[in-house]
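So you can see what is in the structure, the chains are spelled out below.
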Amino acid sequence: MAIRLAFDARGLTVLVCYMLLCICVGGAGLWKRVRARAEPSVQEHFLAGAEGLPTAVLLGSLFAQTLSGWAMLGSPAEAFHFGLVAVRWLPASVCIIVGFLVVTPRLYRIGRPRRFITTSDFIAARFGTGALHVSVTLACLLPTVFYMLIQFKSMSAAISALSAGAISPRAGAVVAACVMLSYDFLGGMRSVAWLDCVQALLMLLSFFMMLYLADDLFGGVASAMRELAHVSPQRTATPSADEARRHWSTCVLMLSFSLYPHQAARTFAASSAKGLRTAVAAMAFHPFLTQGLCLMLGWAATPSLLPSLPVADSDELIFAVMGRLMEERGDAGYWICVLLMCALIAAMMSTADSGLMALAAIISRDLVGTYSAAARRRSARQQLALAKLITAAACALLVLISSLDMTILGLAALQQQILSQAVPSVWLGLHLASVRRGPLLLGMAVGLGTTAFILLRAGSFGALLWGVHPGNWGLLANFGAVGCGSAYERFYDDGSGAMHASGGGRGGRGSLLGGGACARSDSPV
């Protein structure tokens, strides 16, 4: 972080208290499990036991872990850099909720009785294990790794800043990792979700504080827009055709956000269908309470900070706002900045801890547990020990990589484009009983190949083709290949009937989607 903030020992004290609170919540989760006399198991650890997460806890957890550090750092930075064009993040965030509505109701109805933990559990039950299962698992695993790297790298810098340099960025990553592992190991999903609720309240308070700062410190958005119209008219101009295409392309990409493993884990951990429905409905307000208020601060601060903050350093905008606040508001400004920094750390930790659990679930169950006969023969305690060992190893590796002097902006651009290629397999697998694994596997291969070809030809992970993200071209090719493959199989079936026996795999029509409570695709949650 180039901008140095004047935090002192008081900030370090608040940081220590916050970390101790996290560990105490982990202890409360352990106490809850012991009181319920629940045996340690993978399902207990990843699904918060047989009772699951109550509606209020589920909502707080969804709110917190859907919000990464991007909302607090990236959204104001985009508002400063691009002006009104940054409003694209509002409909893009709404598309995240649309993705939830497409996936979560049916996924819960199918997965909760069968104690699924990841989306790949559904793929294995629907189409069997094999190439498609591995492809979907890797398409979810790699973006999660990239996502986690971003959180660890940003979190280490924020902890170092709040401690006034007493904790180096590398030590900050280690401290955060140790704290997350402690409450993860103690209480599992239960502790993570409870802490998410605390962090969600802290973040909500900080967002409303941003709204106050936009008006009190910088004069409000309306006056800022009038000034920008004269000082920097390109920031208030109508978006070009390329910008409009990029806008809608981003919205399409964000539809796949619900496929992140830590999002799916909340679906399976919900205590009831009604609670899940209520939580997802309430999430409709999430974009406006998070991205919307952050964008307003960025727009309001632009005229005041434009002369002193280079556009190339726009990602430092929130820290520049804190510096201005400390200068003009004294001790009151200092404590507001401490609140904002704690909320920033909370936003990143709430995503990072959920991501760690997701990585452990994918590797221990979807890969090792599925394809290793020795792992399948282990007892429930041994399987849980393996999952915790993988969690610790993944955490150590992420800390090591995040401490290297490297840029991860390319990975940030790449993660959603990989994840989107799993959309046809999950969406069609959930809602179309006739779809088979062969066309879906062909679609994934064509989609990933198309995306990789465009990116390699452009030589940049952030490249666009005619204003459209390569991942969307890949997704279009993916769906097209699935349609052509399915038409070919249907034609071949009609001609000889030879393909009927190979169908959709172990979980085809008549298993998950063909009968019983999961049969009707139009049934409510």
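Summary of the structure given here. Only a predicted model underlies this, so the values are computations on that prediction, with no experimental measurement involved. Along each chain, residue indices are assigned from 1 in the same order as the chain's sequence is written. Local features are withheld for residues below a pLDDT of 70 in this predicted model, meaning they are given only at 70 or higher, and side-chain atom pairs are given and counted only at 80 or more; totals for whole chains, interfaces and linings count all residues. In computing side-chain values, all of the structure's heavy atoms are included and hydrogens and water are not.

Between rings of Phe, Tyr and Trp, where Trp is taken as its six-membered ring, a pair exists when centres lie within 6.5 Å; planes separated by under 30 degrees are stacked, by over 60 edge-to-face, and by other angles tilted. Counting across every chain of the model gives 6 aromatic pairs. Between Y147 and F257, the ring centres sit 6.3 Å apart and the planes meet at 85 degrees, which makes this aromatic pair edge-to-face. Separated by 110 residues along the polypeptide, Y147 in helix α7 (residues 131–162) and F257 in the loop between α10 (241–254) and α11 (261–269) bring together distant segments of the chain. Burial here depends on accessible area, computed with a 1.4 Å probe over protein chains only, as a share of the maximum for the residue type. Under 20% is buried, over 50% is exposed, and the range in between is partly exposed. Under the relative-accessibility criterion, Y147 is labelled buried at 6%. Looking at R10, its charged tip hangs above the ring of Y334, at a distance of 4.0 Å from the centre. Stacked on the ring of F80, the Lys or Arg R235 has its end atom at 5.7 Å from the ring centre. We count a stretch as a helix when DSSP gives it H or I for four or more residues in a row; a strand needs E for two or more, and each element gets its number in order from the N terminus. Charges are assigned to positions over rings by a cutoff of 6 Å between ring centre and Lys NZ or Arg CZ, combined with an angular limit of 35 degrees from the ring normal.

End to end, helix α3 (residues 55–66) covers 16 Å across 12 residues, agreeing with the expected 16 Å (1.5 Å per residue, within 8%). Most of α3 is tucked away: 9 of the 12 residues are buried. Expected span of a helix, by definition, is 1.5 Å for each gap between consecutive residues, and there is one gap fewer than residues.

Mapping T267 onto the fold places it in helix α11. Exposure remark for T267: the relative accessible area of 3% places this residue in the buried category. Among all residues touching T267, those that are not within four sequence positions of it are T104, L107, Y108 and L276. A contact between two residues is defined here by any heavy atoms of the two lying within 4.5 Å.

Think of a 1 Å grid over just the protein atoms. A cavity is a set of points where a 1.4 Å probe fits yet cannot get out, a pocket is an open set with protein on both sides within 12 Å along at least five of seven lines, and lining residues have an atom within 4 Å of a point. Grid points are joined across faces, edges and corners, and a volume is the space filled by probe spheres set on the points. Overall, the coordinates contain 1 cavity of 30 Å³ or more when judged by the stated rule. Going through the elements one at a time, α11 and α15 (317–371) are the ones with two or more residues in the lining of the largest cavity. Broken down by element, the residue count for the lining of the largest cavity peaks at 4 residues, all from α15.

Here we take up a nonpolar patch on the surface. Without a salt bridge and with relative accessible area above 30%, a residue can belong to a patch; like charges are then joined within 9 Å and nonpolar side chains (Val, Leu, Ile, Met, Phe, Trp, Tyr) within 5 Å. Reported accessibility uses the Shrake-Rupley method at a 1.4 Å probe radius. Residues are deemed covered only where the shown protein chains occlude them. The working definition used for a salt bridge is a side-chain nitrogen of Lys or Arg within 4 Å of a carboxyl oxygen of Asp or Glu. Where nonpolar side chains cluster on the molecular surface, the patch consists of V16, L20, I23 and L186 and spans about 300 Å² of accessible area. Considering every element that reaches the nonpolar patch, the biggest residue donor is helix α1 (residues 9–35), with 3 residues. Examined against the element boundaries, L186 turns out to sit in helix α8 (residues 169–216).

Glancing now at the environment of L414. Looking at where L414 falls in the secondary structure, it is placed in helix α18 (residues 409–419). For L414, a relative accessible area of 12% corresponds to the buried category.

With that settled, the discussion passes to the packing of α7 against α15. The angle between two axes is taken between their N-to-C directions and runs from 0 to 180 degrees, where each axis is a line fitted to C-alpha atoms and a helix contributes only its stretch in contact. Running from N to C, α7 and α15 cross one another at 150 degrees; their axes reach a closest spacing of 8 Å. For the element pair α7 / α15, the angle class is roughly antiparallel. Handedness of the α7/α15 crossing: left-handed. Of the residues that constitute the contact of α7 with α15, the class distribution is 25 nonpolar, 8 polar and 1 charged. For this classification, under 35 degrees means roughly parallel, over 145 means roughly antiparallel, 65 to 115 means roughly perpendicular, and everything else is oblique. Crossing chirality is assigned from the near helix's rotation relative to the far helix, an anticlockwise turn below a right angle marking it left-handed and a clockwise turn marking it right-handed. Note on residue categories: nonpolar means Ala, Val, Leu, Ile, Met, Phe, Trp, Tyr, Cys or Pro, charged means Asp, Glu, Lys or Arg, and polar means any other residue, Gly included.

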